[in-house]
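These are the residues of each chain, in order.
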Amino acid sequence: MSTETLEHKEAVLVKEKPSEGLLSKRRKKFISDPLVDDNPISIQVLGICSALAVTVKMEPTLTMAIAVTAVIVFSNLIISLIRDFIPNRIRIIVQLAIVAALVTLVSEILKAYYYDMFKVLGAYVGLIITNCIVMGRLEAFAMANKPYDSVLDGLGSGFGYAWIILVVAFFRELLGSGSIFDFKIFQAIGWSSFPTNGLMVDSIGAFMILGILIWIQRTKTGHVEAH
Amino acid sequence: MEALNIVIRGIFIDNMIFAYFLGMCSFLAVSKKVSTAFGLGLAVIFVLTITVPVNWIINENILKEGSLAWMGSAYETIDLTFMQFIIFIAVIAAIVQLVEMIIEKVSPALYGSLGIFLPLIAVNCAILGSALFMVQRDYTLVEATAYGFGSGSGFFFAIIALAAIREKLKYSNVPDGLRGLGLTMLITGLMGIAFKSFIGIVL
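If you're wondering where the values come from, they're calculated on a predicted model, not measured in any experiment. (Residues numbered from 1 in each chain as written. Chains lettered and ligands numbered in written order. Predicted model: local features only at pLDDT ≥ 70, side-chain atom pairs only at ≥ 80, totals over all residues. Heavy atoms only, no water.)

## Thoughts on the overall build of chain B
Then, number 1: In terms of regular secondary structure, chain B is built from ten helices and zero strands.
Then, number 2: Each helix and strand of chain B, placed in order from N terminus to C terminus, yields the pattern α-α-α-α-α-α-α-α-α-α.
Then, number 3: Oriented by its inertia axes, the alpha-carbon framework of chain B measures out at about 70 × 45 × 35 Å.
Then, number 4: Looking at chain B residue by residue over its 203 residues, the buried ones come to 52%.
Then, number 5: Of the accessible surface of chain B, which amounts to about 8900 Å², a share of 69% is contributed by carbon and sulfur atoms. (Helix = DSSP H or I, 4+ residues; strand = E, 2+ residues; numbered from the N terminus. Buried < 20%, exposed > 50% of the residue type's maximum accessible area, 1.4 Å probe, protein only. Areas by Shrake-Rupley, 256 points an atom, 1.4 Å probe, with all protein chains shown as cover.)

## Let's talk about the overall build of chain A
Then, number 1: Scanning chain A for helices and strands turns up twelve helices and two strands.
Then, number 2: Ordered by position from N to C terminus, the α and β elements of chain A give α-α-α-α-α-α-α-α-α-β-β-α-α-α.
Then, number 3: A buried classification covers 48% of the 227 residues belonging to chain A.
Then, number 4: Counting only carbon and sulfur atoms, one obtains 66% of the accessible surface of chain A, whose full area is about 11600 Å².

## Considerations on the interface of chain A and chain B
The accessible area lost on association of the parts is a frequent measure of interface size.
Then, number 1: In this assembly, 43 residues from chain A lie in contact with 43 residues from chain B.
Then, number 2: At the boundary of chain A and chain B, one finds one salt bridge.
Then, number 3: Here K196 of chain B and D202 of chain A are joined by a salt bridge, their closest N and O atoms 3.1 Å apart.
Then, number 4: Our enumeration of links across chain A and chain B arrives at four residue pairs in polar contact (both at pLDDT 80 or more). (Contact = heavy atoms within 4.5 Å. Salt bridge = Lys/Arg side-chain N within 4 Å of Asp/Glu carboxyl O. Polar contact = N/O pair within 3.5 Å; in protein donor to acceptor, adjacent residues only side chain to side chain.)

## Looking at the confidence of the model for chain B
Then, number 1: With 96% of its residues at a pLDDT of 70 or more, chain B has an overall mean of 84.
Then, number 2: At the level of chain-chain contacts, confidence expressed as ipTM amounts to 0.79, with global pTM at 0.81. (pLDDT = per-residue confidence, 0-100.)

## Quick look at the layout of surface pockets
Then, number 1: Size it by volume and the second largest pocket reaches roughly 630 Å³.
Then, number 2: Together, 28 residues line the second largest pocket, and K111 and F118 of chain A together with T81, Q84 and V135 of chain B are the ones closest to its centre.
Then, number 3: Counting residues per element, the ones that place at least two in the lining of the second largest pocket are α5 (91-113), α6 (115-121) and α7 (123-126) of chain A together with α4 (34-63), α5 (84-106) and α8 (125-136) of chain B. (1 Å grid on protein atoms, 1.4 Å probe; cavity = no way out; pocket = protein on both sides within 12 Å on 5 of 7 lines; lining within 4 Å. Points joined across faces, edges and corners; volume = space filled by probe spheres on them.)

## Some points on the pattern of salt bridges
Side-chain pairing between opposite charges can occur once the charged atoms of the two side chains come close.
Then, number 1: Evaluated as defined, the whole model comprises six salt bridges over all chains.
Then, number 2: When the shortest N-O distance is used, the salt bridge between K111 of chain A and E108 of chain A registers 3.8 Å. Note that K111 of chain A and E108 of chain A are positioned in helix α5 at a spacing of three residues, about one turn of the helix.
Then, number 3: R9 of chain B is paired through a salt bridge with D14 of chain B; the nearest N and O atoms lie 3.5 Å apart.

## Here's the deal with empty space enclosed by the protein
Then, number 1: By the definition in use, this model includes one cavity of 30 Å³ or more.
Then, number 2: By volume, the largest cavity amounts to about 30 Å³.
Then, number 3: C49, S50, L127, T130 and N131 of chain A together with C125 of chain B are the residues that line the largest cavity.
Then, number 4: Here the lining of the largest cavity is built from residues that sort into three nonpolar, three polar and no charged. (Nonpolar A, V, L, I, M, F, W, Y, C, P; charged D, E, K, R; others polar.)

## A look at the nonpolar core
Grouped burial of nonpolar side chains is what soluble globular proteins tend to show.
Then, number 1: L210 of chain A together with M24 and M185 of chain B are the most contacted members of the largest nonpolar core, which totals 120 residues.
Then, number 2: Sequence-distant contacts of L210 of chain A, defined by excluding residues within four places in its chain, comprise I41, I48, L52, I164 and V168 of chain A together with M185 of chain B.
Then, number 3: One finds M58, L174, I180 and F186 of chain A within the second-largest nonpolar core, a separate group that totals six residues. (Core = buried A, V, L, I, M, F, W, Y, C linked by side-chain atoms within 4.5 Å.)

## Side note on the packing of helix α9 (residues 141-169) of chain B against helix α10 (residues 181-196) of chain B
Residues and elements named next belong to chain B.
Then, number 1: Packing of α9 against α10 brings their axes to within 11 Å, and their N-to-C directions diverge by 130°. On the basis of their axis angle, the class for α9 and α10 is oblique. As α9 packs across α10, the resulting crossing turns out to be right-handed. Between α9, through A158, A161, L162, I165, R166 and L169, and α10, the contact on the second element is made entirely by L183, T184, I187, T188 and M191.
Then, number 2: Looking at side-chain class alone, the contact of α9 with α10 contains eight nonpolar, two polar and one charged residues. (Axes fitted to C-alpha atoms, helices over the stretch in contact; angles between N-to-C directions. Parallel < 35°, antiparallel > 145°, perpendicular 65-115°, else oblique. Left-handed = near helix turned anticlockwise from the far one by under 90°.)

## Looking at the environment of P195 of chain A
Then, number 1: Relative to the helices and strands, P195 of chain A is located in the loop between α10 (185-188) and α11 (198-201).
Then, number 2: Residues P195 of chain A and G176 of chain A, 19 residues apart in the sequence, show an inter-C-alpha distance of 8.8 Å.

## Some remarks on the confidence of the model for chain A
Residue and element names in this part refer to chain A.
Then, number 1: For chain A, the mean per-residue pLDDT works out to 81, and 89% of the residues sit at or above 70.
Then, number 2: Ranking the helices and strands of chain A by mean pLDDT puts helix α4 (residues 58-81) first, with 91, and helix α1 (residues 2-16) last, with 48.
Then, number 3: Between residues 9-17, whose pLDDT stays under 50, and residues either more than four places distant or in other chains, the model counts zero contacts.

## Notes on the packing of aromatic side chains
Then, number 1: Here the structure, examined in full by the defined rule, presents twelve aromatic pairs over all chains.
Then, number 2: Aromatic pair Y124 of chain A and F133 of chain B: ring centres 6.4 Å apart, planes at 80°, arrangement edge-to-face. In this pair, Y124 of chain A is assigned in helix α7 and F133 of chain B in helix α8, connecting two distinct chains.
Then, number 3: Ring centres of Y20 of chain B and F133 of chain B lie 4.9 Å apart, and the angle between their planes is 45°; this geometry places the pair in the tilted category. Of this pair, Y20 of chain B sits in helix α2 (residues 16-20) while F133 of chain B sits in helix α8, and the two are 113 residues apart along the sequence.
Then, number 4: Following the ring pairs from residue to residue traces out a cluster consisting of F12, F18, F195 and F198 of chain B.
Then, number 5: Above the plane of the ring of F133 of chain B lies R137 of chain B, whose end atom (NZ or CZ) is 5.2 Å from the centre. (Phe/Tyr/Trp six-rings, centres within 6.5 Å; stacked < 30°, edge-to-face > 60°. Lys NZ or Arg CZ within 6 Å of the ring centre and 35° of its normal.)

So this is what it looks like as structure tokens:
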């Protein structure tokens, strides 16, 4: 009886070890951590430039969020695949080259299929290259982890970035232009004299909204920065 | 005269930080002390004044559509614009590395104060951003150099002003959640309002 259970246990062990669940608890953390507790924007202070520049309206923001998430995921995957072949001294250049190639791809796709959006985003598509979240994840995660984990980590960071800039864009477009996704919401409910706030369309609105958002979020998570 | 106008515009009206949000990461991260902010600001001016004209020359003679005509009529129709991102970032990374090595050799004292900031600058959005804006605006070589210097100076003044305010803030009692990044964002917004007063000045 006892040998049988032992054998059974062993069998279970052997069975479980090579196949960690596709979304095991450890892996779920890769996605859930950057959403709130370890958010790339509000906690780690990375990737602020583009977070502020494109958030005047919801539509370009959504495009930007998708583009950045795609670049993070694929660069994480590629770097993770070749991480053992990259000499340590030139790793920054290698990372930059791969990110720049991916961003060129994104920019060409935008130019080919969404030319209007490409015009709106302008130079900020190119600036995904210097988005600190991308380089940060490559340095901190993809250089030391397996491809699949790196993809999940990239997705998590991408979503963490996306929801923050979407919230900022929501308030900026609502208060600044009185619309959501270019749908004039105040006119639709019969309040056509809604006074739009010019500061929200301006860069200042972005700083204010993001500052307040960070305040609320940090109060909730209890993250306190040392002076 | 046009060049001087571009410098002044770069500092006050088209300020890198307040108008285009470029270089925000290092602007927020390295603005805790005036002395370090001063070092980073100088390094940014330095690198921008060199990289913008170099990228201008490369863009004008190699990347732009039809700019390869000097190699012969067979190359007249080649358009390498899509290579801009890769070439620009490679040029910036290479120049930063080169500048770092030269400074280390020529002036160890300057290297002591600028050295640690130079690698950080290679991935600063302000540098790549200036190169991309320079392309959009069709500057001449002199104007591009002036633009590099002007936007670098704009960054320099902005980061020193913020660092001075943050040094004073150490002694204030700030709510826990607002401390650090949150408050810095709000202050940057207020500084942005101040900078808005320069808008409308026609040079």
